[in-house]
Amino acid sequence: MKTQTLFRLGGFAILLAQILSLIVITLYYLSGGQPVDTPRAWLNIWACVIMILGLMALYGVIAERGGVIGLVGFILLIFGYISAVATVAIRLSVAAGVVTAEQLSKVASYSIADSVLTWVWILGYLLFGFAIYQTKLYPKWIGALMMLIGPLMLLTNFAWFVPIYNVLDFIPWVYLGWKLWSGQGKMVKPLTPVHTPA
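Residues numbered from 1 in each chain as written. Predicted model: local features only at pLDDT ≥ 70, side-chain atom pairs only at ≥ 80, totals over all residues. Heavy atoms only, no water.

### Digging into the confidence of the model for the protein chain
Thinking step 1. For the protein chain, per-residue confidence averages 86 on the pLDDT scale, and 82% of positions sit at 70 or higher.
Thinking step 2. Predicted confidence in the protein chain is weakest over helix H3 (residues 101-105), with a mean pLDDT of 65, and strongest over helix H5 (residues 140-152), with 96.
Thinking step 3. Note on residues 193-198: pLDDT is under 50 here. Beyond four places in sequence and across chains, it has 0 contacts. (pLDDT = per-residue confidence, 0-100. Helix = DSSP H or I, 4+ residues; strand = E, 2+ residues; numbered from the N terminus. Contact = heavy atoms within 4.5 Å.)

Here's what the structure looks like:
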């Protein structure tokens, strides 16, 4: 399979993941903010898994110019999506009565992991966004918006801000997914400095 085809499939994966996420978010608001149910949970899990596949293709495009910062940001985002799958699985366990929320609250490592993972997401967005910003492969505002999304995650504790955050998070991923899917993704060489005669 051609590399270009893999990039296009990666773009499709990002778009599909965002559509599934949009469905999950819509169902959440239609339910009046009720705790996660089984259909929503499985849609969320699939969205995360598919997004990981798409993210791999996107990293393949920016890898040469993204450098170490891009690599670290990519790893952190992958870890974030994997942790999101684990979190949803735990919520499914609570909903199924396998474990109670009270029991989970008594597990110190779970509480610590929950706070640490927030910073994994934030750093992932900051570093990956910066990598996209400096590669000059996409408009700089996409990278800047991703860098902004990371810190704004801290404001999602306020219910009124969550819809705003969802919209802001949706925009760069859909743009990048569309660019890949439309065939505008390809491996590029690193930027090299221009040497001028002394």
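### Things to note about the nonpolar core
Nonpolar side chains in soluble globular proteins tend to end up buried together.
Thinking step 1. One finds Leu55, Leu58, Tyr81, Tyr125, Phe128 and Trp173 to be the most contacted residues of the largest nonpolar core, which totals 39 residues.
Thinking step 2. Elements represented by at least two residues in this core include exactly helix H1 (3-30), helix H2 (38-95), helix H4 (108-135), H5 and helix H6 (162-184).
Thinking step 3. Considering every element that reaches this core, the biggest residue donor is H2, with 16 residues. (Core = buried A, V, L, I, M, F, W, Y, C linked by side-chain atoms within 4.5 Å. Buried < 20%, exposed > 50% of the residue type's maximum accessible area, 1.4 Å probe, protein only.)

### Some remarks on the packing of aromatic side chains
Thinking step 1. Scanning all chains against the criterion turns up 9 aromatic pairs.
Thinking step 2. Relative to Phe74, the ring of Tyr59 lies with its centre 4.5 Å away and its plane at 15°, an arrangement referred to as stacked.
Thinking step 3. On the basis of relative accessibility, which here comes to 16%, the residue Tyr59 falls in the buried class.
Thinking step 4. For Phe74, a relative accessible area of 12% gives the class buried.
Thinking step 5. In this structure an aromatic cluster arises from ring pairing among Tyr81, Trp121, Tyr125 and Trp173. (Phe/Tyr/Trp six-rings, centres within 6.5 Å; stacked < 30°, edge-to-face > 60°.)

### What to know about a nonpolar patch on the surface
Thinking step 1. A cluster of nonpolar residues, Phe12, Leu16, Trp178 and Trp181, forms a patch on the protein surface that exposes about 390 Å² of accessible area.
Thinking step 2. For the nonpolar patch, the secondary-structure elements that each account for two or more residues are H1 and H6.
Thinking step 3. A relative accessible area of 47% means that Trp178 is categorised as partly exposed. (Patch = residues over 30% accessible without salt bridge, like charges linked within 9 Å, V, L, I, M, F, W, Y side chains within 5 Å. Areas by Shrake-Rupley, 256 points an atom, 1.4 Å probe, with all protein chains shown as cover. Salt bridge = Lys/Arg side-chain N within 4 Å of Asp/Glu carboxyl O.)

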